[in-house]
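Observations on chain architecture
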Amino acid sequence: MIGITSVGAYIPRYRLSGEEIGRMWRAKGGKGEKAVAGYDEDTITMAVAAALECMKGQGAPEALYHATTTAPYKEKQAASIVAAACDLDKTCRTADFTNSLRAGTTALLAAVDAVKAGASSALVTASDCRLGAPMGRFESALGDGACAIMIGSTDLLASIEGSYSVFSEFTDVWRTSKDNFLRAGEGRFIEEMGYIPAMREILSDTIKKYSLTPADFAKVVFYAPDGRGHASIAKGLGFDKAQVQDPMYDVIGNTGAAAALIMLIAALEEASPGDRILFAGYGDGCDALILRVEKRPSGRTMKDRLAAKVNIDYGSYLLWKELLEVEPPNLPERPAPSLASRWRMHKTISSLYGFKCRKCGTPQLHPLGQTVRVCVECQAKDDFESYKFSDKTGKLFTYAVDILQPTKNPPGLNGVIDFDGGGRMICELTDYDLKKAQVGMPVQMTFRKMSQEKGIVNYFWKAKPIE
Amino acid sequence: MESIKDKVAIIGMGCTRFGERWDAGVEDLLVEAAYEAFEDAGVAPKDMQAAWIGTVFSGMSAMTLAPLGLQFIPITRVENMCATGSEALRGAAYAVAAGVCDIALAIGVEKLKDSGLTGVRGPAVVGDNPDGSACVGSGYSAPASFAYLGTRYFHHYGIDRDEGKELLAKIAVKNHQHGSLNPKAHFHNVITVEQAVKAPIVAWPLGLFDCCGVSDGSAAAIVCRADMAKNFRSDPIYIKGMAISAGARQGSMRPAYDYVHIDENVFAAQQVYAQAGVKDPRKEISCAEVHDCFSTNELIVYEDLGFSKRGGAKEDINSGAFTLQGDLPINTDGGLKCFGHPLGASGLRMLYEMYKQLQGKAGPRQVKNPHLALTHNLGGNAGAGIGCVVIVGNEKG
């Protein structure tokens, strides 16, 4: 049997409420709130966080398929950046699935095919940060989030019993290569002639194809453009309210290519062994799958992931989403990152590799841009073995609340991290509550966007408090 | 290994007014400092047999010193971060001690304000940024790396936030008091503890008055063989010791490093005390100029140089031991707090004050009956820095 062996999800901790958007535009704000990626996050960093959670206790996947409609690069693969940060073997097959909201479910089906064709396991990450234009109908609807699903053939959480896909050349939502914000056709047209008939058809045709009835399913999990569309599908298909998975749109917003998969993960976390789940993604057609639950995932649940949240104001939102031009600080410019220096340090930048001295056993991390050839502890030369720090926890040894640190969420916090098991690093912190910053605070490492210069997104690791 | 003690004398010094010298270029600052030194020593530019020019950003090569119009003598440009000015002195003094010249010029300069920016830029060499900015384009600020010392010092010695802030404030208040008596200083304002504590935070626990300013300036020294010194003046000052100690990134890489002392300072002090024959620095040193780029550094330097016992800086700060009225006045000219930090000039600016103090020419800032005086620089940051200590005295032996 082929199916899901592990899941992970990442919902950024920041929320923008409908009320705050309403306050900004002196209008009646919508209810609920949406998840907003931090200023140092994007679809790649969120995918890495979800993938690392998903990979815990799992063997290394032989493929990584990354689904998004908001990759930071138009040319340069996102999947390989995710794979490098997750320290996957170079033989892992990487691909981006993009340009469609259906990319998440299509990547999932491709992963199933890869395992069918002999791969031991294949990892799918789905991540999106779509933007609705300020004052527009999508502004409060679109949220940021990511998830990861591992497909394999042993020790399954859920087996995949069948699937069904159709494509449709229907123009409902789109962005050209020059659009920052989502565009869409007239609301009732795209719903009545696009989404609703397409979703109804895929769900009922899938049930029919496998000779099942709605009563055979414990849960139905499907994408919708918004809560209203979701409710109208649920009503028309003969499913009970209890059978329909909550899309969480009023909590995190519509997370695009990741939305359906995030819902599926939430459904799996509440399912019982033997439950059958009908699952469908939408965008330029539909993908549907039938899953049979074997056991519940262990570890963090969606409730845990949503627990630590911080509401932000509209000004921060504009700044973080780079929708506002601001005066740059009158400080000396830092030199633009060197591609050659980054390449020499790529193992340290991507997955925070340092080394352990074979002579004295001390774990050490290369200061960036300064490869260490001589052990700082015993001065042995070139006698090291690789040692990864990205998966190590640590403690804050000392710190500064730094007004001058370049951050869009001031004030900055940086400090000296002592890793559990040895090794020290000076680095920025992120996602902190300044009031809780103190010597000895436990931290973990998180892959983040440091800066963007000359069109290159520079990723590296920051420390964040363990909540 | 021989000691440098009493082999080289300083026979003339010059120092420009420090500050936002919109009126002066690098060449003006160099000429001002050098000609004050020539005049002070009673020598002419043509008497210089060699010169060392220290600057971090304000010039490259010997050509930096071209504005002085020296005629085809050997000139060397040196750079060693915040110890650059002291490094120029080392070059000149060692050359004289080696006997390759009898008289030489050491001069430092920095013109920071022409950049139009606030703050000092980081290393210009790609791949040589301790904070990794060449790789990832971000990182912590210079004040932050010194804030780490404060945060940890407070934690280590159980000093609460308010008490810690007040200790740092007292250092700034002292230096501002001293600077108010010095016409060459950039800032002359006397401040109160309350003002310093309540000033905007730059990098907690460092507030605005805990961070030195950015300014322009130059300072110069003329050194000669000690046995020739009295030919030039009756009150030459003798070099008793000079030491530099460089870190190798231990602070940022070794968890054993505690952030409540700085090894570069300690090792440089040990060397210089051995050269000068100083056994009890607190008693034997009459006055000192230490690197107060950030108040936390001055706090820790008291202990690193052996002026206070470990953990004892608090007691000495509270008793006023390091004020002009105390038993070991420190930063009598106002320090970096009042002079700002034109990197290449600072080491020699500190020496200028100690030279004047030892000659009894420090005016309202004069300390009583000094014999040995010390200057200290720290470049970079803890475990990845340059510690430099120089001791000078007004008598041989």
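Residues numbered from 1 in each chain as written. Chains lettered and ligands numbered in written order. Predicted model: local features only at pLDDT ≥ 70, side-chain atom pairs only at ≥ 80, totals over all residues.

**Focus on the overall build of chain B**
As a reminder of what qualifies: Under the DSSP-based scheme used, a helix requires at least four consecutive residues in state H or I and a strand at least two consecutive residues in state E, with every element numbered from the N terminus. We compute the radius of gyration from the C-alpha atoms alone; for a globule the expected value is 2.2 Å times N to the 0.38, where N is the number of residues. With C-beta atoms placed from the backbone, a residue counts as buried when 20 or more other C-beta atoms lie within 10 Å of its own, as exposed when 12 or fewer do, and as partly exposed for counts between those limits. With C-beta atoms placed from the backbone, a contact is any residue pair whose C-beta atoms sit within 7 Å.
Counting its secondary structure elements, chain B contains 14 helices and 11 strands. By the compact-globule yardstick of 21 Å for 397 residues, chain B fits well, its C-alpha radius of gyration being 20 Å. Taken along the three principal axes of its C-alpha coordinates, chain B extends 55 × 45 × 40 Å. The buried share of chain B, taken over its 397 residues, is 62%. In chain B, 77% of the contacts between residues at least 6 apart in sequence involve partners at least 24 apart.

**A closer look at the overall build of chain A**
Of the regular secondary structure elements, chain A holds 12 helices and 22 strands. A globule of 467 residues ought to have a C-alpha radius of gyration of about 23 Å, and chain A, at 23 Å, matches this closely. With the C-alpha coordinates of chain A rotated into their principal frame, the extents come out at 70 × 55 × 40 Å. Contacts in chain A between residues far apart in sequence, at least 24 positions, make up 71% of those at least 6 positions apart.

**Considerations on helix H6 (residues 227-236) of chain A**
All names here are of chain A. Quick note on the threshold: Working definition: the arc comes from the directions between the helix axis and the C-beta atoms, pointing outward to the latter.
When we look at burial in H6, the residues that qualify are Gly-229, His-230 and Ile-233. Along the long axis of H6, the arc covered by the buried residues comes to 100 degrees, so they all point the same way. More than 90 degrees from the buried face of H6, the exposed residues found are Arg-228 and Lys-235. Turning to H6, the residues buried within the fold contact helix H5 (187-209) and strand E11 (219-222). Immediately beyond the C-terminal end of H6, within one or two residues, lies Gly-238, with a positive phi of roughly 85 degrees.

**Remarks on the domain arrangement of chain A**
Interfaces are frequently sized by the accessible area removed from exposure as the parts join. Residue and element names in this part refer to chain A. We apply this condition: For every domain, the bounds stem from an assignment made automatically or drawn from a database.
Segmentation of chain A into domains returns domain 1 (3-320) and domain 2 (339-465). Put simply, the middle of domain 1 and the middle of domain 2, counted by C-alpha atoms, are 31 Å apart. Contacts between domain 1 and domain 2 engage 18 residues on the former and 14 residues on the latter. Contributions of two or more residues to the side of domain 1 that touches domain 2 are made by helix H2 (43-55), helix H3 (78-85) and helix H10 (314-320). Sorting elements by how many residues they give to the side of domain 1 that touches domain 2 places H2 first, with four residues.

**Overview of the sheet that holds strand E5 (residues 93-98) of chain A**
Residues and elements named next belong to chain A. For clarity, the threshold we go by: Two strands form a pair only when DSSP identifies at least two bridges running between them. Every angle, taken between N-to-C directions, lies between 0 and 180 degrees, and every axis is a line fitted to C-alpha atoms, over only the stretch in contact when it is a helix.
Reading across the sheet, the nine strands line up as E5-E4-E6-E7-E1-E8-E13-E12-E11 and stay open at both edges, with mixed pairing between neighbours. Looking along the sheet, the strands with just one partner apiece sit at the ends: E5 and E11. Averaged over all pairs of adjacent strands, the angle between their axes in this sheet comes to 25 degrees, without regard to strand direction. Both strand E6 (residues 121-129) and strand E7 (residues 144-152) contribute to a ladder of nine bridges, which runs antiparallel.

**Notes on the pairing of strand E12 (residues 276-282) of chain A**
Residue and element names in this part refer to chain A. Taken across its seven residues, E12 has six buried, putting it largely inside the fold. In this structure, E11 lies alongside E12, joined through four bridges in parallel fashion. If you follow Lys-219 over to E12, its bridge partner there is Ile-277. Summarising the sheet, E12 and strand E13 (residues 285-293) pair through seven bridges and their orientation is antiparallel. Bridge pairing in E13 places Ala-280 opposite Ala-288. Between E12 and E13, which pair antiparallel in sequence order, lie two residues; one of them, Gly-283, sits at a positive phi of approximately 150 degrees.

**Focus: the packing of helix H5 (residues 161-179) of chain B against helix H11 (residues 295-304) of chain B**
Residue and element names in this part refer to chain B. Test applied: Oblique is the label for every angle not falling under 35 degrees (roughly parallel), over 145 degrees (roughly antiparallel), or within 65 to 115 degrees (roughly perpendicular). Side-chain classes are defined by residue name, with Ala, Val, Leu, Ile, Met, Phe, Trp, Tyr, Cys and Pro counting as nonpolar, Asp, Glu, Lys and Arg as charged, and the others, Gly among them, as polar.
Two elements in contact, H5 and H11, have axes whose closest approach is 9 Å; the angle formed by their N-to-C orientations is 95 degrees. One way to sum up the angle between H5 and H11 is to call them roughly perpendicular. Taking contact as the criterion, the partners of Leu-167, Leu-168, Ile-171 and Ala-172 in H5 are, on H11, Ser-295, Thr-296, Glu-298 and Leu-299. In the contact of H5 with H11, the residues fall into five nonpolar, two polar and one charged.

**So, the sheet that holds strand E16 (residues 363-364) of chain A**
All names here are of chain A. The three strands lie next to each other as E16-E15-E17, forming an open sheet whose pairing is antiparallel. Each end of this open sheet is capped by a strand with a single partner; those strands are E16 and strand E17 (384-388). Pairing analysis gives two bridges linking strand E15 (residues 353-357) to E16, with the strands arranged antiparallel. Its bridge partner being in E16, Lys-356 is matched across the sheet by Pro-363.

**Structural notes on the pairing of strand E4 (residues 103-110) of chain B**
Within a regular strand, the side chains alternate between the two sheet faces. Residues and elements named next belong to chain B. For E4, a buried count of eight out of eight residues is recorded, marking the element as mostly surrounded by other parts of the structure. Taking every second residue as pointing to the same face, both faces of E4 are buried, with Ile-103, Leu-105, Ile-107 and Val-109 on one and Ala-104, Ala-106, Gly-108 and Glu-110 on the other. With five bridges connecting them, strand E2 (residues 50-54) and E4 associate as parallel partners. Bridge assignment links Gly-54 to a residue of E4, and that residue is Gly-108. Relative to strand E7 (residues 217-225), E4 runs antiparallel, the two being bridged by eight bridges. Across the sheet, the residue bridging to Gly-108 is Ala-219, located in E7.

**Some thoughts on helix H1 (residues 26-41) of chain B**
All names here are of chain B. Note the cut-off: How far a helix is expected to stretch is found by multiplying one less than its residue total by 1.5 Å.
Compared with an ideal rise of 1.5 Å per residue, which puts 16 residues at 22 Å, H1 spans 23 Å between its outermost C-alpha atoms and is within 8% of the ideal. Listed as buried for H1 are Val-26, Leu-29, Leu-30, Glu-32, Ala-33, Ala-34, Ala-37, Phe-38, Asp-40 and Ala-41. Contacts made by the buried residues of H1 are with strand E1 (8-15), E4, E7 and helix H7 (229-232).

**Here we look at unusual backbone geometry**
Pro410(A) connects to Pro411(A) through a cis peptide bond whose omega is -5 degrees. Relative to the assigned elements, Pro411(A) resides in the loop between strand E18 (394-402) and strand E19 (412-419). The omega torsion of the bond from Trp204(B) to Pro205(B) falls at 5 degrees, within 30 degrees of zero and hence cis. Summarising the element assignment, Pro205(B) is placed in the loop between strand E5 (201-204) and strand E6 (206-207).

**A look at the packing of H5(A) against H6(A)**
All names here are of chain A. For clarity, the threshold we go by: By definition, turning the near helix anticlockwise from the far helix through less than a right angle yields a left-handed crossing, and turning it clockwise yields a right-handed one.
Running from N to C, H5 and H6 cross one another at 45 degrees; their axes reach a closest spacing of 10 Å. Our classification of the angle between H5 and H6 gives oblique. Read as a crossing pair, H5 and H6 show a hand that is right-handed. Residues Glu-191, Tyr-195, Ile-196, Met-199 and Arg-200 of H5 form the contact with H6, whose participating residues are Gly-229, Ser-232, Ile-233 and Gly-236. Residues of the contact of H5 with H6, tallied by class, amount to four nonpolar, three polar and two charged.

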